[in-house]
Amino acid sequence: MLDALALRAQFPGLSGSANGKPFVYLDSAATTQKPLAVIERMDYFLRNEYGTVHRGLYARSVRSTQLYEDARATVARFLNAEVDEVVYTMGTTDAINLVAWSWGRAHLKKGDRVLVTGMEHHANIVPWQITAEITGAELVACPLLDDGSLDEEAFDRLCDERVKLVGLVHIANSLGTINPVQRLAARAKRHGALVLVDAAQSAPHLPLDVKTLGCDFLAFSGHKVYGPTGIGVLWGRRDVLASMPPWRGGGEMIEKVTFERTTFAKPPARFEAGTPPITEAIGLAAALEWLMALGLANIAATEHALYTYAEARLAEVPDLVRYGQAPQRSSVLAFNLALPGAHAADVSSLLDMQGIAIRAGHHCAQPVMARFGVPATARASLGVYTTRDDIDRLVEGLLKARTMLAM
Ligand code: PLP
C-alpha cells in the first residue's frame with residue numbers, strides 16, 4: 001500500500017489554501033497535479049538539454065533527439081508495447097481523432113458500423129460522427145444498465161459483422177465504471193472488428209498491457225498521468241498503423257517530397273507532422289517512470305481501499321444520490337444532492353467556498369447524463385495523493401452544503 005500523505009510532499013500544487021481554507025483537490029479525473037519528478041525534469045531539460053529533434057547535427061540536438069526517443073521507449077514499456085507502435089499526439093482527443101480521420105476514412109464505407117459504449121467521453125463519439133458523415137458508415141452506441149455497467153447482452157447483439165471498429169472507454173470518467181475490455185475485445189475480434197481503448201482514465205489507475213487487453217489502438221493523455229498537458233499517446237498495432245494514410249502533412253512525416261509527389265515516412269513518424277512537443281515528451285516519460293516506480297498494481301490496490309472508504313462516507317450524507325454502481329468501478333464518485341433546485345454547480349460552488357475542488361457538469365458525457373435523466377452531476381475523483389482526510393473534508397463540506405441548500 002502507498003502512503004498518500006507522504007506522496008503529497010512531492011506535489012507543490014497541493015499545498016496552500018483555496019478561499020482561505022486548506023486546499024483539497026478532488027478533480028484528478030480532469031487533470032492531475034504534478035510531482036517534483038516531472039517539474040524538475042522538464043525544468044532541467046529546458047535549462048540544459050533543450051534543442052530541436054531529428055534535424056540538427058550538433059550535439060544539443062542529438063542529445064535532445066536521444067531523450068525524445070528514449071521517452072517513446074518509456075511509453076512502450078508502460079504499455080508493454082513495441083517502440084515503433086507509439087505515436088505521440090496532443091492527448092487522448094487528438095489520438096482518437098487521428099484514428100477516426102486516418103483509419104476511419106481509409107477503411108469505413110456505407111453499411112459499416114462503429115460500435116461504442118453509451119458511457120463514452122465525447123472524445124470517443126464526435127470524431128466518429130464526423131467520420132461517419134463523410135464515409136457513410138454508422139455510429140451505434142451500446143446501452144447501459146441502471147447500475148452504470150455495460151449491457152453486455154446488448155453488446156453481443158450489436159457486435160455483428162457490420163461492425164468494423166469497437167470503441168471502448170476503459171474507465172468511464174462520468175461513472176467510474178471499469179469496462180471488461182479484454183472480454184469485450186475478444187468478442188469484437190470474433191467478427192474481425194478492430195478495438196480502440198480510451199485509456200484516459202485508466203492509465204493513471206490500473207496496470208495497462210496492450211497485449212493482454214487484446215486491442216488494436218489505445219489512447220491516453222499526459223496530463224492525466226501526472227505529466228504535462230499538450231502531449232498524449234496513440235498506441236497502435238504495427239500492421240494496423242502501417243495500413244493507415246497520414247492525416248496531417250508537413251515536416252517530419254515524409255520520406256521524399258517533390259512538387260509532383262510525396263512519399264511518407266513509416267509509422268510512428270508518418271503521424272507526427274511538425275516540430276513535436278519535445279519538452280512535454282520528456283515530462284511524460286518522467287511521469288511514467290515515476291508511476292512505474294510506485295507500481296501500478298500498488299496504486300490500484302491503494303486507491304481501491306480509499307474508494308471503498310469514500311463510498312461508505314458518502315453514504316452518510318442524507319439526500320445524496322450516487323451515479324455509477326457497476327460491480328467493477330474506481331476512482332470517480334459521481335453524485336447529486338436530491339434537494340429541490342439544488343444543481344451540481346451549486347454543490348461545487350459551496351464546496352469551493354470551503355477550499356474543496358470538485359467538478360460539476362456533464363463531464364463531456366452528455367449521453368450518460370441523458371441516460372440517467374440528469375443535466376449534470378457533481379464528481380469527486382481520486383489521485384495517488386488523495387487521503388482519507390480529503391474525503392472527510394468532502395463529507396463535512398457536503399453536509400454543510402446540504403444545510404445551506406435546504407434553507
Ligand atoms: N476520454 C476520457 C474517458 C476522458 O476522461 C477524457 C478527459 O477527461 C478524454 C477522453 C479526453 O482527454 P483529453 O482532453 O486529455 O484529450
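Residues numbered from 1 in each chain as written. Predicted model: local features only at pLDDT ≥ 70, side-chain atom pairs only at ≥ 80, totals over all residues. Heavy atoms only, no water.

An account of the overall build of the protein chain is requested, with residue identities and associated values reported.
Helices and strands together make up the secondary structure of the protein chain, namely 14 helices and 17 strands. Scaling as 2.2 N^0.38, a compact globule of 407 residues should have a C-alpha radius of gyration of about 22 Å, and the protein chain matches this with 22 Å. Projected onto its principal axes, the C-alpha coordinates of the protein chain cover approximately 75 × 55 × 35 Å. Relative to its 407 residues, the protein chain shows a buried fraction of 57%. (Helix = DSSP H or I, 4+ residues; strand = E, 2+ residues; numbered from the N terminus. Rg over C-alpha atoms; globule rule 2.2 N^0.38 Å. Buried < 20%, exposed > 50% of the residue type's maximum accessible area, 1.4 Å probe, protein only.)

Account for the domain arrangement of the protein chain, naming residues and giving values.
By domain assignment, the protein chain separates into domain 1 (4–30 + 295–405) and domain 2 (39–293). For domain 1 and domain 2, the distance between their C-alpha centres works out to 28 Å. Counting residues at the interface gives 38 residues for domain 1 and 35 residues for domain 2. Between domain 1 and domain 2 lies a buried interface of about 2700 Å² when both sides are counted; carbon and sulfur atoms form 58% of it. Looking only at domain 1, the three residues that lose the most surface to domain 2 are L296, C364 and R371, adding up to 20% of its buried area. (Domains from an automatic or database assignment. Contact = heavy atoms within 4.5 Å. Buried area = accessible area lost by both parts, 1.4 Å probe.)

An account of the layout of surface pockets is requested, with residue identities and associated values reported.
Which parts of space are left empty comes out when a probe the size of a water molecule is rolled across the atoms. The calculated volume of the largest pocket comes to roughly 240 Å³. Lining of the largest pocket is provided by 20 residues; of these, T93, H121, A200, Q201 and K224 occupy positions nearest its centre. Looking at the lining of the largest pocket residue by residue, the classes come out as seven nonpolar, nine polar and four charged. In terms of domain composition, the lining of the largest pocket takes at least three residues from each of domain 1 (4–30 + 295–405) and domain 2 (39–293). (1 Å grid on protein atoms, 1.4 Å probe; cavity = no way out; pocket = protein on both sides within 12 Å on 5 of 7 lines; lining within 4 Å. Points joined across faces, edges and corners; volume = space filled by probe spheres on them. Nonpolar A, V, L, I, M, F, W, Y, C, P; charged D, E, K, R; others polar.)

Can you lay out helix α3 (residues 59–79) for me, pointing to particular residues and giving the numbers?
Under the 1.5 Å per step criterion, the end-to-end length of α3 is 31 Å for 21 residues, consistent within 8% with the ideal 30 Å. All of the buried residues in α3 are S61, S64, T65, L67, Y68, A71, R72, T74, V75, A76, F78 and L79. Within two residues after α3, N80 carries a phi angle of roughly 55 degrees, on the positive side. (Expected span 1.5 Å × (residues − 1).)

So what's going on with the pairing of strand β4 (residues 86–89)? Which residues, and what values?
Where a strand is regular, its side chains alternate between the two sheet faces. Going residue by residue along β4, you find V86 and Y88 tucked away on one face and V87 and T89 tucked away on the opposite face as well. Inspection of the sheet shows β4 paired to strand β10 (residues 232–236) by four bridges, in the antiparallel sense. What sits directly across from V86, in β10, is W235. (Pairing = 2+ DSSP bridges.)

I'd love a proper account of the site of the ligand, names of residues and values included.
Lining the immediate surroundings of the ligand are T92, T93, H121, A123, V169, N173, D198, A200, Q201, S221, H223 and K224. In the model, an oxygen atom of the ligand is placed 2.6 Å from a nitrogen or oxygen of the S221 side chain. In the environment of the ligand, an oxygen atom lies 2.6 Å from a nitrogen or oxygen atom belonging to the side chain of K224. Summarising the interface, the protein chains cover 85% of the accessible area of the ligand, which totals 390 Å² for the free molecule. Split by residue class, the shell around the ligand holds three nonpolar, seven polar and two charged. (Near = heavy atom within 4 Å. Polar contact = N/O pair within 3.5 Å; in protein donor to acceptor, adjacent residues only side chain to side chain. Areas by Shrake-Rupley, 256 points an atom, 1.4 Å probe, with all protein chains shown as cover.)

How would you explain helix α12 (residues 344–352) if you had to name every residue and give the values?
Taken together, the buried positions of α12 are A344, V347, S348, L350 and L351. Each buried residue of α12 lies within a common arc of 165 degrees when the element is viewed along its axis, so the set occupies one face. Tucked into the core, α12 has its buried residues touching β14 (332–337), β15 (356–357), β16 (359–361), β17 (377–381) and α14 (388–406). (Arc of directions from axis to C-beta.)

So what's going on with empty space enclosed by the protein? Which residues, and what values?
Counted by the stated rule, this structure contains two cavities of 30 Å³ or more. For the lining of the largest cavity, the element with the most residues is helix α11 (residues 296–314), which contributes three residues. Across the lining of the largest cavity, the residue classes tally to four nonpolar, three polar and one charged. Estimates place the volume of the second largest cavity at around 30 Å³.

Break down the sheet that holds strand β13 (residues 320–323) for me, with residues and values.
On the basis of which strands lie adjacent, the open sheet formed by four strands has the order β13-β14-β17-β16 and antiparallel pairing. Across the chains shown, the open sheet's two edge strands, defined by having one partner strand only, are β13 and β16. When the angles between neighbouring strand axes are averaged without regard to direction, this sheet yields 35 degrees. In this sheet, β14 lies alongside β13 in antiparallel orientation, the contact comprising four bridges. Each residue of the ladder has a partner; that of V321, found in β14, is N336. (Axes fitted to C-alpha atoms, helices over the stretch in contact; angles between N-to-C directions.)

Account for the nonpolar core, with residues named and values stated.
In this structure, L79, V166, L218 and F220 are the most contacted members of the largest nonpolar core, which totals 73 residues. For this core, the element with the highest residue contribution is helix α10 (residues 278–294), accounting for nine residues. Looking at this core, you find at least three residues from each of domain 1 (4–30 + 295–405) and domain 2 (39–293). Setting aside chain neighbours within four positions, we find L79 in contact with L208, D209, V210, L218, F220, V233 and W235. Membership of the second largest hydrophobic core comes to 30 residues, among which are Y307, A344, L351 and A401. (Core = buried A, V, L, I, M, F, W, Y, C linked by side-chain atoms within 4.5 Å.)

How would you summarise the side chain of H223 if you had to cite specific residues and measurements?
Looking at where H223 falls in the secondary structure, it is placed in the loop between β9 (217–221) and β10. Sequence-distant contacts of H223, that is, excluding residues within four places in its chain, are made with A30, T31, T32, K34, P228, T229 and I231.

Summarise the packing of aromatic side chains; cite the residues concerned and give the values.
In this structure the tally under the stated criterion is 10 aromatic pairs. Centroid distance F11 to Y226: 6.0 Å. Interplanar angle 70 degrees. Geometry classified as edge-to-face. One end of the pair, F11, is in the loop between α1 (4–8) and β1 (17–18); the other, Y226, is in the loop between β9 and β10, and 215 residues separate them in sequence. Grouping residues by exposure puts F11 and Y226 together as buried. (Phe/Tyr/Trp six-rings, centres within 6.5 Å; stacked < 30°, edge-to-face > 60°.)

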